[in-house]
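Each chain, written out:
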Amino acid sequence: MRALVISGGGSKGAFAGGVAQYLIEEKGFEYDLFVGTSTGSLLITHLALNKTQKIKEVYTSVNQKSIFNNCPFVVKKEVHGQQEIGINHFNVFRNIISGNKTFGESKNLRKLIGNAITVEEFEELKNGSKEIVVTVSNFSLNQVEYKSINDFSYQDFCDWIWISCNYTPFMSLVKKNGCEYADGGFGSMVPIEEAIKRGATSIDVIVLDTEVAHLNRMPSKNAFSLITNMHAYMADRIEKQNIRIGKYVASNNDAIINLYYTPTVLTTNSLIFNKEKMKQWWEQGFKFAKLKNEELNGLNELKEGGE
């Protein structure tokens, strides 16, 4: 069984889309299982349908308003090549006064998901042979949960995709089935282990981060930048642990893992959705996957020639 696993990474998901497009369209890989966390969960339904152009158009046309109905921060000018965020005090105050538990709300993203995935597309996937799984974090029960398309109705599954992307406290905290849920990346950033548990023996994994750290983060300028830096630190630790465990489980189950990291640092704040940059990242992802596979083919030819 072949699986495609896509990690969390906010706007960096555009890069993953480019990599996946190459693997599906150029390499002709047929995946039986798709597992996504956060931004990865937004991609996998259309990838499973082989509708890469449709999801590319959706991904590369979003902005802050496409995601937030109440955005808790403002994007400031670039400093040393990176954009900074500042607190939108009015929006944060309004959200707290309204009784919400987070600084911002991402209900526009839920609408976007509903518009992007039709009932007909959902039924086609549910009645097909491919399994689609999204990762969510259950704060009430203190556990990671994996939601398969096979177990839910259209509206429920769209909810789970949305919940998987909700990077609290900047985005919505969702109460569903009596529990509070948020971004799957808080517990499982790169769900390789889950793919193997579901029977995958060959797994292509797209990790939306560099394999080796390439920079020191800028000092925190305000409470929001401090929180994003803290979240980034924790996500990095979780990501590395997931990959380490995934490799261990794979070695004990005779599974093969192919890892695709980003070759460079795309952004230090993946909550900033810049259409032009995301278009560039999609194309970079496609070209990177092509180059990596060409290099692998070259190495395999050299080994065969040596033998």
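Scroll up to find the structure this text is about.
Conventions and cut-offs
- Residues numbered from 1 in each chain as written.
- Predicted model: local features only at pLDDT ≥ 70, side-chain atom pairs only at ≥ 80, totals over all residues.
- Heavy atoms only, no water.
- Patch = residues over 30% accessible without salt bridge, like charges linked within 9 Å, V, L, I, M, F, W, Y side chains within 5 Å.
- Areas by Shrake-Rupley, 256 points an atom, 1.4 Å probe, with all protein chains shown as cover.
- Salt bridge = Lys/Arg side-chain N within 4 Å of Asp/Glu carboxyl O.
- Helix = DSSP H or I, 4+ residues; strand = E, 2+ residues; numbered from the N terminus.
- Buried < 20%, exposed > 50% of the residue type's maximum accessible area, 1.4 Å probe, protein only.
- Arc of directions from axis to C-beta.
- Core = buried A, V, L, I, M, F, W, Y, C linked by side-chain atoms within 4.5 Å.
- Contact = heavy atoms within 4.5 Å.

Caption draft 1: A look at a nonpolar patch on the surface. Among the surface-exposed residues, Leu226, Met230, Tyr233 and Met234 lie close enough to one another that they form a single nonpolar patch of about 420 Å² accessible area. Structurally, the position occupied by Met230 is in helix H10 (residues 223-252).

Caption draft 2: Region of interest: helix H3 (residues 52-59). Among all positions in H3, only Thr52, Ile55, Lys56 and Tyr59 are buried. For H3, the buried positions fall inside an angular range of 105° around the axis, keeping them on one side.

Caption draft 3: Region of the structure containing helix H2 (residues 39-48). Within H2, 10 of the 10 residues are buried, leaving the element largely enclosed by the surrounding structure. Of the residues making up H2, those classed as buried are Thr39, Gly40, Ser41, Leu42, Leu43, Ile44, Thr45, His46, Leu47 and Ala48.

Caption draft 4: Representation of the nonpolar core. Formed by 67 residues in total, the largest nonpolar core has its most connected members in Leu4 and Ile206. It is helix H1 (residues 13-26) that provides the largest number of residues to this core, a total of 8 residues. Discounting residues that sit within four places of it in the chain, Ile206 has contacts with Leu4, Val5, Ile6, Ser7, Ala16, Val19, Ala20 and Tyr260. Ala3, Val190, Ile203 and Val205 belong to the second largest nonpolar core, which has 22 residues in total.

All we've got here are geometric facts, nothing functional implied.
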